[in-house]
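# Chains, contacts and geometry: an overview
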Amino acid sequence: MDPSSEVLLDLEFSCIYKDHHVDRIVGTETVPAGADAKTGVVSKDVVIGDDSDVYVRLYLPGGIRADDVDAPKLRVLVFFHGGGFITMSAAEPLYHSYINSLAAAAGVLVISVNYRLAPEHPFPIGYEQGLRQAALPFFTSSALVYCGWRCSADSFRALKWALAGEDPWLSQHGDLRRVFLAGDSAGGNIVHNVAMMAVADEGSGVASRIEGAVLLHAAFGGKERVAGESVETAWTMDTLWSVICPEATDGVDDPRVNPLSATAPSLRELPFQRLLVVEADGDFFWGRGKSYYEGVLASGWAGTVDWFETMGKHTFFLFDPSCPEAVALMDRLTAFFAGNRMRGG
């Protein structure tokens, strides 16, 4: 059979064929940035670098004029969308609507990152953003591949761009000493990887400026199943990872998808001081999320990690943001971003 027509993995959101091309069933629709009548939030798109596929959508909460230089500084949230690393975008309607609501509820300036997707942009081995092996004293040789992962590299570039305050919204309205990371599904995975890249980028000061992070139903995997992980989920992640990162010598134990693998950096190196791990009882990644949370607790990490669990399926809050569980989650996120800093500076 022609590999271009033979299905390798049939997902709810995409169909992947054996020649590794993808039919994206959802996630390709986009909506423009602008003023949101419901929340009062205003957004705009800014291309960073030379590739128009790598851009950020900035969200400024209502009640703050873009030209008001005397307005109070806002906490900054860098958000990474999900989509299995192969679909969705910062301009996708579900994400645009949810980030509008999050910016309004939490009163944060949000930077939603649009990174390049696999498999058109595979994750090559190599260094990005000036990272060098000498800057990774606690990384094993296998973990050096962090620096070449396309989604994380784009996302890390966006984080560094944000911290530079090059856009007037950021320089005038963002408190760049109070920066948070958050992401759902594949985006939750990217949160972890970007955090580790920040640690590796010694001398840049990026790591010290991340106050906290939120992993929402984060997409992780591994060769050995964990408690609460089904055979189907383990097989799906193994197969999906072979498409996303075909050069990974460790397969689904690659440290970018299994942060608890033997070759992964210790979780005690996480650069922030507060972490919120969010899961749902019906999420197929529940077991991996619980293992990550327990791994952080066992690592000797000096920060504070919280577990927040609701009823619901994978990323239900995007599809039904008004349900009681989604409202409770929004309240928890708002409280987390409003929390007092746990270190000086």
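This text gives an overview of the structure that appears in the document.

Definitions and cut-offs
- Residues numbered from 1 in each chain as written.
- Predicted model: local features only at pLDDT ≥ 70, side-chain atom pairs only at ≥ 80, totals over all residues.
- Heavy atoms only, no water.
- Helix = DSSP H or I, 4+ residues; strand = E, 2+ residues; numbered from the N terminus.
- Expected span 1.5 Å × (residues − 1).
- Buried < 20%, exposed > 50% of the residue type's maximum accessible area, 1.4 Å probe, protein only.
- Pairing = 2+ DSSP bridges.
- Right-handed = clockwise from strand over helix to strand, strands pointing away.
- Salt bridge = Lys/Arg side-chain N within 4 Å of Asp/Glu carboxyl O.
- Core = buried A, V, L, I, M, F, W, Y, C linked by side-chain atoms within 4.5 Å.
- Contact = heavy atoms within 4.5 Å.
- Axes fitted to C-alpha atoms, helices over the stretch in contact; angles between N-to-C directions.

### Digging into helix α1 (residues 93–106)
- When the terminal C-alpha atoms of α1 are compared, their 20 Å separation across 14 residues agrees well with the 20 Å that a helix rising 1.5 Å per residue should span.
- Listed as buried for α1 are Tyr-95, His-96, Tyr-98, Ile-99, Asn-100, Leu-102, Ala-103 and Ala-106.
- At the C-terminal side of α1, Gly-107 shows a positive phi close to 65 degrees.

### A closer look at the pairing of strand β6 (residues 74–80)
- Taking burial as the measure, the 7 residues of β6 include 7 buried ones, the bulk of the element.
- In terms of strand pairing, β6 meets strand β8 (residues 174–184) through 7 bridges, oriented parallel. Bridge assignment links Arg-75 to a residue of β8, and that residue is Asp-175.
- Here β6 runs beside strand β7 (residues 109–114); their pairing, made up of 5 bridges, is parallel. Across the sheet, Val-76 pairs through a bridge with Leu-109, a residue of β7.
- Tracing the backbone out of β6, into α1 and back to the parallel element β7 gives a crossover that is right-handed.

### Brief notes about the pairing of strand β11 (residues 304–313)
- In this sheet, β11 lies alongside strand β10 (residues 274–282) in parallel orientation, the contact comprising 8 bridges. Paired with Leu-276 across the bridge in β11 is Asp-306.
- For the segment spanning β10, helix α6 (residues 286–299) and β11, crossover handedness is right-handed.

### Comments concerning the pattern of salt bridges
- This model, assessed by the stated rule, comprises 13 salt bridges.
- Salt-bridge contacts for Asp-201 lead to Lys-160; the nearest nitrogen and oxygen are separated by 2.9 Å. Of the two residues, Asp-201 sits in the loop between α4 (186–200) and β9 (210–216) while Lys-160 sits in helix α2 (residues 150–164), which places them 41 residues apart along the sequence.
- What makes Asp-201 buried here is its relative accessible area of 9%.
- The shortest N-O distance in the salt bridge between Arg-332 and Asp-306 comes to 3.2 Å. Linking Arg-332 in helix α8 (residues 324–338) with Asp-306 in strand β11, this pair joins segments that are 26 residues apart in sequence.

### Structural notes on the nonpolar core
- Val-56, Ile-111, Leu-159, Leu-181, Leu-270, Leu-275 and Tyr-292 are the most contacted members of the largest nonpolar core, which totals 71 residues.
- At 8 residues, α4 tops the list of elements feeding residues into this core.
- Sequence-distant contacts of Leu-270, defined by excluding residues within four places in its chain, comprise His-192, Ala-195, Met-196, Leu-275, Tyr-292, Val-296 and Trp-301.
- Ranked by size, the runner-up nonpolar core spans 31 residues in total, among them Leu-77, Leu-102, Leu-276 and Phe-316.

### Observations regarding the sheet that holds strand β3 (residues 22–24)
- Pairing in this open sheet of 3 strands is antiparallel, and the strands run β1-β2-β3 from one edge to the other. Each edge of the open sheet carries a strand with a single partner, namely β1 (7–10) and β3. With direction set aside, neighbouring strand axes in the sheet form an average angle of 15 degrees.
- Here helix α5 (residues 231–244) sits on the sheet and contacts β1 and β2 (14–17); the angle it forms with β1, its principal contact strand, is near 125 degrees.

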